[in-house]
Amino acid sequence: MSSIIQLLPDHVANQIAAGEVVQRPASVVKELMENAVDAKATDIKLIIKDAGKSLVQVIDNGLGMTVTDARLCFERHATSKIRQAEDLFSLHTKGFRGEALASIAAIAHVEMKTKQDQEELGTHIVIEGSKFVSQDVAVLPKGTSFSVKNLFFNIPARRNFLKSDIVEHRHIVDEFQRVALAHPNIHFTFYHNGSEMFNLPQSNFRQRIVNIFAGKTNEKLVPVQEETEIVTIHGFVSKPEFAKKNRGEQFFFVNDRFIKSGYLHHAIMAAYEGLLKDGAQPSYFLYLQVPPNTIDINIHPTKTEIKFDDEHALYAILRSSIKHSLGQFNVAPVLDFDRDSNLDTPYDYQNKEASTPMIQVDGSFNPFSDDKPNRHFTTYRKTENTSSWESLYVGLKQDTETITDINDIEFESEEVTGSLFNENEIEQTVNRTYQIHKKYIVNPIKSGIVIVDQQRAHQRVLYEQFLTNMTVHQASSQQLLFPLNLYFSSGEMELIGELQISLANTGFVFEETNDNHVVISGLPINVTESEVSIVLEQLLRDLQDGIPESSFSQNDSIAKSMAKSLAVKTGSYLTEKEQENLVNGLFACKEPNVSPFQKPTFITMRVEDLDKKFAI
């Protein structure tokens, strides 16, 4: 029997490795930006076209490469980061496997320009699908420029799996933010389709966070600082009142590398216990410095998962340090039974200095004198003499005949005792609906009973109302006396800008739209002022995977999201009138049987079914 095992060609092996390293354009951005950071660059530019499908270019002013290194860097497992296996436990760089550039070159058109500072000329290399097309000498500035064009040009199946440009662009922004947050000492610039998205100058950690997320980020940050033998923690967490529904602003950095850790996230949620509403997520930007030999990074190709030697100690230190910061800055509530709140200094007088009281003495005042007091000192009493109260009744006739006994006077009763109708004409109303466990509404019908899920039923009613307003006629708005200012990140503002016309059709009135906040002066009729931020946050979270292309699908997605946010929740008490209106509204819908999310809204039970339950 002949041998059947054989070595794969290099270009096939590179394409297989690319499946692990490069899932989407954002993966290319991550690898190239981390290489630029490892090259000790102080200025990094990221240029994107068509959400990275046409072009991903990273330009840095780092060390550059020699002619030999420039050619060798595209080979598999060729790296300058490590020399032996033991170096894996003392890593100080982002990359170490030597697979990224080989994988990228196998599935794209790559153009590299590089030059070292001491050299006069640089190297220009062009590669297409692992094949070297050209290598020339060129006049170049110091540093390296990588251009990755036509990603997945030779793997059409992988290219077809890519999402819309909006989704891919959001993933690229996420990767850019992670690298930029980890290195505030580097100047980062981000361009997409010719327009500047971010320009982040060199700064400290707090300024870098504010520059990226803008808005009122600076107000909500609480500093965290802790230094132990196991770990050094510094960074910021948000105040509980700024918590959001989504987990977009949660960042862990270990030795300047972004990681994901559900275990450490649980430690932070434990520190916020009792301070957050249900479902709310705090923002945090935490930088952990640990000895390199106590962590293992080489457990996942994306290097976003890390294995710690002593996770339990790290959990306890992280939770206690955040609790300490929240208490130190008076964010967490404190009970002090010995404190008298009446003795607290009012805020208006907190920083004012006490003034010396002035004393005025009237030297001419004589308490035994009959003269009037000095007019210079005024009192609250009137000085003119008034007649005695008996004078008010002078001239009245004390005629006993005209005096009426108060017992004989008839007053109109406040309680209406009469009736407009006869008792036999009044139809006695019967309670037709009943609420069970604040979740279901039971309504008797001729053939049995109907059991309605109040949350799903209300979702269906609101969904059809919003969809009608957006597609059939313009919705009416309630104008606000004081416009609302809502702050969002740059990515969220981009989504709101694309949804603005559809939101206006539902009843929202946008008075002003800036780079990081919107001013809303009008709301839909059934949306209260306190629910606006909840509705918009839910909408952004539902549409973070992309906005549908067609207008109807877009309106449908918005109507579903707003109905989910505003529908009455399970556990809410409804009055009899509210129950009746909800049931009537449900059966007035075009499709009352299912909710907008294709779940049943009600079930019916016939009398025969009940009889069978009681049958022996």
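Residues numbered from 1 in each chain as written. Predicted model: local features only at pLDDT ≥ 70, side-chain atom pairs only at ≥ 80, totals over all residues. Heavy atoms only, no water.

Draft legend 1. Representation of the overall build of the chain within the structure. Helix and strand counts for the chain stand at 16 helices and 22 strands. Among the 616 residues that make up the chain, the fraction classed as buried is 40%. Surface accessibility of the chain: about 37800 Å² in total, with carbon and sulfur atoms responsible for 51%. (Helix = DSSP H or I, 4+ residues; strand = E, 2+ residues; numbered from the N terminus. Buried < 20%, exposed > 50% of the residue type's maximum accessible area, 1.4 Å probe, protein only. Areas by Shrake-Rupley, 256 points an atom, 1.4 Å probe, with all protein chains shown as cover.)

Draft legend 2. The side chain of Glu-168, seen in detail. Tracing the chain through its elements places Glu-168 in helix α6 (residues 165–182). Taking the relative accessible area as the measure of exposure, Glu-168 reaches 0% and is therefore buried. Excluding anything up to four places from it in sequence, Glu-168 contacts Arg-24, Pro-25, Ala-51, Lys-53, Leu-162 and Lys-163. (Contact = heavy atoms within 4.5 Å.)

Draft legend 3. Representation of unusual backbone geometry in the model. Positive phi outside glycine occurs at Asp-50, with the angle close to 55°. With respect to the helices and strands, the residue Asp-50 is situated in the loop between β1 (43–49) and β2 (55–60). Although it is not a glycine, Ala-51 adopts a positive phi angle of roughly 55°.

Draft legend 4. Quick peek at a nonpolar patch on the surface. The grouping of Leu-121, Val-137 and Val-139 at the surface amounts to a nonpolar patch, some 320 Å² of accessible area in total. Positionally, Val-139 belongs in the loop between β5 (131–138) and β6 (143–149). (Patch = residues over 30% accessible without salt bridge, like charges linked within 9 Å, V, L, I, M, F, W, Y side chains within 5 Å. Salt bridge = Lys/Arg side-chain N within 4 Å of Asp/Glu carboxyl O.)

Draft legend 5. Quick peek at helix α12 (residues 490–506). Over its 17 residues, α12 runs 23 Å from end to end, which matches the ideal 24 Å to within 8%, given 1.5 Å per residue. Along α12, the sharpest change in direction is near 55° and occurs at Gln-500. Listed as buried for α12 are Glu-492, Met-493, Leu-495, Ile-496, Leu-499, Ser-502, Leu-503 and Thr-506. Gly-507 sits one or two positions beyond α12 and adopts a positive phi of about 130°. (Expected span 1.5 Å × (residues − 1). Bend = angle between axes of the 7 residues up to and from the residue.)

Draft legend 6. Examining the packing of α6 against helix α7 (residues 205–213) more closely. Packing of α6 against α7 leaves a shortest axis separation of 9 Å and a crossing angle of 160°. Comparing the axis directions of α6 and α7 gives the class roughly antiparallel. The crossing of α6 and α7 is right-handed. Counted together, Gln-177, Ala-180, Leu-181 and Ala-182 of α6 and Phe-205, Arg-208, Ile-209, Ile-212 and Phe-213 of α7 form the full contact between these two elements. (Axes fitted to C-alpha atoms, helices over the stretch in contact; angles between N-to-C directions. Parallel < 35°, antiparallel > 145°, perpendicular 65-115°, else oblique. Left-handed = near helix turned anticlockwise from the far one by under 90°.)

Draft legend 7. Expanded view of the sheet that holds strand β19 (residues 477–487). Read across the sheet, 3 strands follow the order β19-β21-β20 without closing on themselves; strand pairing throughout is antiparallel. A single partner strand is all that each edge strand has here, and the edge strands are β19 and β20 (509–513). Within the sheet, the average angular offset between the axes of one strand and its neighbour, ignoring direction, is 15°. In this sheet, strand β21 (residues 517–524) lies alongside β19 in antiparallel orientation, the contact comprising 7 bridges. Across the sheet, Gln-479 pairs through a bridge with Gly-522, a residue of β21. Sheet strands touched by α12: β20 and β21. Its angle to β20, the strand with the most contacts, is close to 155°. (Pairing = 2+ DSSP bridges.)

Draft legend 8. Broad picture of the sheet that holds β6. Read from one edge of the open sheet, 8 strands run β5-β4-β3-β6-β2-β1-β7-β8, paired in mixed fashion. Of all the strands in the sheet, the pair left with one neighbour each is β5 and β8 (195–200). Neighbour to neighbour, the strand axes of the sheet diverge by 10° on average, direction disregarded. The sheet contact formed by strand β3 (residues 109–115) and strand β4 (residues 122–128) spans 6 bridges and is antiparallel. If you follow Lys-113 over to β4, its bridge partner there is His-124. Sheet strands in contact with α6 are β1, β7 (187–192) and β8, and its direction is about 175° off that of β7.

Draft legend 9. Examining the packing of aromatic side chains more closely. Within the structure shown, the criterion is met by 18 aromatic pairs. Seen in terms of ring centroids, Phe-213 and Phe-285 are 5.5 Å apart; in terms of plane orientation they differ by 50°. Their pairing is tilted. Here Phe-213 is found in helix α7, whereas its partner Phe-285 is found in strand β13 (residues 284–289), with 72 residues between them in sequence. By the burial criterion, Phe-213 is buried, and Phe-285 matches it. Taking the centre distance of 6.0 Å and the plane angle of 65° together, the rings of Phe-253 and Phe-258 count as edge-to-face. Grouping residues by exposure puts Phe-253 and Phe-258 together as buried. (Phe/Tyr/Trp six-rings, centres within 6.5 Å; stacked < 30°, edge-to-face > 60°.)

Draft legend 10. Representation of the nonpolar core. Core analysis: the biggest nonpolar cluster contains 55 residues, and Leu-32, Leu-46, Phe-74, Val-148, Phe-176, Leu-181 and Phe-188 have the highest contact counts within it. Those residues in contact with Leu-32, other than ones at most four positions away along the chain, are Val-56, Val-58, Leu-101, Ile-104, Phe-146 and Val-148. Core analysis: the second largest hydrophobic core is formed by 32 residues, Val-532, Leu-539, Ala-559 and Ala-563 among them. (Core = buried A, V, L, I, M, F, W, Y, C linked by side-chain atoms within 4.5 Å.)

Draft legend 11. Highlighting empty space enclosed by the protein. If you walk through the whole model with that rule in mind, you get 1 cavity of 30 Å³ or more. The volume enclosed by the largest cavity comes to roughly 110 Å³. In this structure, the largest cavity is lined by 12 residues; those nearest its centre are Glu-34, Arg-178, Val-179, Arg-257 and Phe-258. Of all the elements in the fold, those that place two or more residues in the lining of the largest cavity are α2 (25–38), α6 and β12 (257–259). Counting residues per element, the lining of the largest cavity draws most heavily on α6, which supplies 4 residues. Taken together, the residues of the lining of the largest cavity break down into 3 nonpolar, 2 polar and 7 charged. (1 Å grid on protein atoms, 1.4 Å probe; cavity = no way out; pocket = protein on both sides within 12 Å on 5 of 7 lines; lining within 4 Å. Points joined across faces, edges and corners; volume = space filled by probe spheres on them. Nonpolar A, V, L, I, M, F, W, Y, C, P; charged D, E, K, R; others polar.)

Draft legend 12. Region of interest: the side chain of His-192. Counting through the fold element by element, His-192 comes out in strand β7. Residue His-192 is classed as buried on the basis of its relative accessible area, which comes to 13%. Among the polar contacts listed, one links the side chain of His-192 to the backbone nitrogen of Ala-51, at a separation of 3.4 Å. Excluding its chain neighbours within four sequence positions, the residues that come into contact with His-192 are Ile-48, Asp-50, Ala-51, His-169 and Met-197. (Polar contact = N/O pair within 3.5 Å; in protein donor to acceptor, adjacent residues only side chain to side chain.)

Draft legend 13. Up close: helix α10 (residues 311–328). Here α10 spans 26 Å end to end across 18 residues, near enough to the 26 Å set by a 1.5 Å rise per residue. Ala-313, Leu-314, Tyr-315, Ile-317, Leu-318, Ser-321, Ile-322, Ser-325 and Leu-326 are the residues of α10 that are buried. Taken together, the buried residues of α10 touch β9 (221–227), β10 (232–238), β11 (250–254), α9 (262–271), β13 and β15 (307–308).

Draft legend 14. Structural detail: the pattern of salt bridges. Evaluation of the coordinates by the stated rule reveals 14 salt bridges. For Glu-111, the salt bridge identified is with Lys-149, shortest N-O distance 3.6 Å. Residue Glu-111 is found in strand β3, and its partner Lys-149 is found in strand β6; the two are separated by 38 residues along the sequence. Using a relative accessible area of 34% as the deciding quantity, one classes Lys-149 as partly exposed.

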